[in-house]
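Listed below, chain by chain, are the residues.
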Amino acid sequence: MKNMLVTGGCGFIGTNFVRYLLKESDFKGRVINADKLTYAGNPENLTDIEENFPERYIFEKVDICDRENIARIFDEHEIDTICHFAAESHVDRSIVDPDAFIQTNIVGTFGLLELAKANQDRLELFHHISTDEVFGSLGKDGFFTEQTSYKPNSPYSASKAASDHLVRAYHKTYGLQVTISNCSNNYGPYQFPEKLLPLMILNGLEGKSLPVYGDGRNVRDWLFVRDHCTAIWEIMKRGKRGETYNIGGNHEMENIGLVEMICDILDGIQKPEAKESRRELIAFVKDRPGHDRRYAIDSTKLNRELGWVPKESLETGIRKTIQWYIDNREWVNRVRSGEYQSWIKEQYG
Ligand code: NAD
Ligand code: TYD
């Protein structure tokens, strides 16, 4: 693996992965980060990487659906490995406006697979990042394994399911070297503040309402993003080609419990204004349509075959994440502001 195309490297998980790959892992090659810079992509996340690894990090502002430009990148940088993160990733947005989800997640992935197939002679691996949401919703008991059948419930998860099937089909039909990982809910630094954790942290810090959907008893399995990155890299290096691996944090939690935990940690760091506790800010709001009740991942296969286990406890992971958002208010203000989008236009056209 000498020249790795990372798609969506300016998003939340992609940023953490590029940082991990170049600063901490044993990867010795170059990263070519291809990102369209949607509202969720921020090239400033990697400014220090650009400065410190000028020979090993290249940024290309490009839409994965733009096949001509992606083909140029394949040739110019002699791509031999792909790690595919780029996607529209927020369930609520997919409910309101699913078009971009179909285009990027399905058509975009298809275009990348076609290019990978055309370059199969030098392509070592196409690793596809996916989600546990493709499996649908669990009842009180049980876990998603790699054998669980697909039953996606939102336009987002349906689009991810379609892309997973395409990746698998390109292995079976054309012998493309692929691996797929399906992970649970990530949290950590650089997550766009529309997802549950950063939204609650920032609203909590700002004394704003904390909107909890429905009865708040939906369960998610929380995975610290760095643990996710180590798992991806292990799978890329040593995972069986053509196979799928589940990645979970082993930290199931009801939404309401998680929000209360965030409130209590925040109260410990900074007393709330005009309130006894930030728990008073919690507001139960209208439920998300088709809201999956419970996700829980069984990562036994990844543990058995590659020896991977998540290292971060939920408490320490949440504390680190809260501290990151406190220390990076400039980042938050930038990604929230419309002004930032015009800066992107100026920089990258
Ligand atoms: P994100 O929304 O933070 O980032 C997505 C990135 O992709 C952004 O930088 C965006 O600019 C880029 N992008 C979007 N459309 C593009 C296009 N057409 N061409 C090029 N770039 C494009 O998402 P994330 O949370 O970092 O998720 C990354 C991947 O992990 C996604 O495939 C997602 O489905 C998957 N995933 C995420 C989670 C999670 O909890 N965040 C859980 C499971 C799986
Ligand atoms: P989210 O971060 O959107 O991830 P996903 O839907 O992919 O699991 O939401 C996590 C959980 O939190 C999910 O059950 C929906 C819930 N949620 C709220 O209760 N309030 C909110 O404001 C948001 C964004 C999510």
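Placed above this text is the structure.
Note that the structure is a prediction, hence the values are computed from the model and not measured. All chains use their own residue numbering, which begins from 1 and follows the written sequence. For naming, the first written chain is A and the first written ligand is 1, with later ones following in the order written. Residues qualify for local features only when their pLDDT is at least 70, as the model is predicted, and side-chain atom pairs are given and counted only at 80 or more; totals for whole chains, interfaces and linings, by contrast, use all residues. In computing side-chain values, all of the structure's heavy atoms are included and hydrogens and water are not.

Report on unusual backbone geometry, specifying residues and quantitative values.
Residues other than glycine seldom take positive phi values, yet Leu37 does so here, at roughly 60°. Here a helix means four or more residues in a row that DSSP labels H or I, a strand means two or more in a row labelled E, and each is numbered from the N terminus. Tracing the backbone shows Leu37 in the loop between β2 (30-35) and α2 (47-52). Exposed residues in this analysis have more than 50% of their type's maximum accessible area, buried residues have under 20%, and partly exposed residues fall in between, with area computed by a 1.4 Å probe over protein chains only. By relative accessible area, Leu37 is classed as buried at 6%.

Lay out the sheet that holds strand β9 (residues 219-224) with the relevant residues and their values.
Where strands meet in a sheet, backbone hydrogen bonds hold them as pairs that are either parallel or antiparallel. For two strands to be treated as a pair, DSSP must find no fewer than two bridges joining them. Read across the open sheet, the 3 strands follow the order β7-β9-β11; overall the sheet is mixed. The sheet is open, and its two borders are formed by β7 (185-187) and β11 (252-254), each paired with just one other strand. Strand-to-strand twist across the sheet, computed as the mean angle between neighbouring axes with direction ignored, equals 50°. Note: β7 against β9, 3 bridges, orientation parallel. By the bridge assignment for β9, Asn186 is matched with Leu223. Any two residues having at least one pair of non-hydrogen atoms within 4.5 Å are treated as being in contact. The convention used is that axes are lines fitted to C-alpha atoms, helices contributing only their stretch in contact, and that angles between N-to-C directions extend from 0 to 180 degrees. Along the sheet, helix α9 (residues 255-269) makes contact with β9 and β11, crossing β11 at roughly 85°.

Tell me what's going on with the pattern of salt bridges, and back it up with residues and numbers.
Counted as salt bridges are all cases of a side-chain nitrogen of Lys or Arg within 4 Å of a carboxyl oxygen of Asp or Glu. Applying the stated criterion across every chain, the model contains 25 salt bridges. Of the charged contacts, one joins Glu234 and Lys237 as a salt bridge, the two residues approaching to 3.7 Å between their closest N and O atoms. Here the residue Glu234 and the residue Lys237 both occupy positions in helix α8 (residues 225-238), the gap between them amounting to 3 residues, near one helical turn. Close ionic contact of Glu315 with Arg319 constitutes a salt bridge, the shortest N to O distance being 2.8 Å. One end of the pair, Glu315, and the other, Arg319, are both in helix α11 (residues 314-327), 4 residues apart, so they sit about a helical turn from each other.

A description of the sheet that holds strand β4 (residues 81-84) should follow, citing residues and the corresponding values.
Strands sit in the order β3-β2-β1-β4-β5-β6-β10 across an open sheet of 7 strands; the sheet is parallel. In this open sheet, the two strands that pair with only one neighbour each are β3 (57-61) and β10 (243-247). The mean angle between the axes of side-by-side strands here comes to 20°, regardless of whether they run parallel or antiparallel. Taken together, the 5 bridges between strand β1 (residues 3-7) and β2 define a ladder with parallel strand orientation.

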